[in-house]
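Structural overview for review
Take a look at the letters that make up each chain.
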Amino acid sequence: QVQLQESGPGLVKSSQTLSLTCTVSGGSITTMYYYWSWIRQPPGKGLEYMGDIDYGGTTYYSPSLKSRTSISRDTSKNQFTLQLNSVTPEDTAIYYCARGVKYTDENDYWGQGTQVTVSS
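Okay, so let's go over this structure. Please read these numbers as outputs of a predicted model, since none were measured by experiment.

**Notes on the pairing of strand β10 (residues 107–110)**
In this sheet, β10 lies alongside strand β9 (residues 93–101) in antiparallel orientation, the contact comprising 3 bridges. Across the sheet, the residue bridging to G100 is N107, located in β10. Connecting β9 to the next strand, β10, in antiparallel fashion are 5 residues, including Y103 with a positive phi near 85 degrees.

Dropping the structure here:
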């Protein structure tokens, strides 16, 4: 019954900051031992892991993106957010949030994804 829903702007200008929110229902983002991930898929390409925040608030980022990526959470709203700075058209993708399971690293629940286009 866990459901995840992405929300945020569908169009962002180059050099600006993209901010997306994932709202979780049917389970708490503070429940151990789960973590909460952001994953994206550029057009015609495969899935790319971006980073995550775990049940205690510890974050981890993909090395290729960590310099301009920040993930945070609001436990009162059961939400976690993605901030991606200095975007370019190469950041155009479908962005997903997902729940991960510690120890197995399985992503067992996913949001439906949201399209983000970066204009030049």
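Now that the structure has been shown, the text picks up again.
**Observations regarding the environment of S67**
Within the fold, S67 resides in the loop between β6 (59–61) and β7 (69–74). A sequence separation of 26 residues divides S67 from A93, and the C-alpha atoms of the two residues are 19 Å apart.

**A short note on the side chain of T114**
Mapped onto the fold, T114 is located in strand β11 (residues 114–119). Classification of T114 by relative accessible area gives buried; the value is 14%. Here T114 is in contact with E6, L20, A93, I94 and Y95, once residues within four sequence places are set aside.

**Remarks on the sheet that holds strand β3 (residues 18–25)**
Across the sheet, which stays open at both edges, the 4 strands sit in the order β1-β3-β8-β7 with antiparallel pairing between neighbours. Every interior strand has two partners, whereas the edge strands, β1 (3–7) and β7, have only one. Strand-to-strand twist across the sheet, computed as the mean angle between neighbouring axes with direction ignored, equals 20 degrees.

What counts as what
- Residues numbered from 1 in each chain as written.
- Predicted model: local features only at pLDDT ≥ 70, side-chain atom pairs only at ≥ 80, totals over all residues.
- Heavy atoms only, no water.
- Pairing = 2+ DSSP bridges.
- Helix = DSSP H or I, 4+ residues; strand = E, 2+ residues; numbered from the N terminus.
- Buried < 20%, exposed > 50% of the residue type's maximum accessible area, 1.4 Å probe, protein only.
- Contact = heavy atoms within 4.5 Å.
- Axes fitted to C-alpha atoms, helices over the stretch in contact; angles between N-to-C directions.

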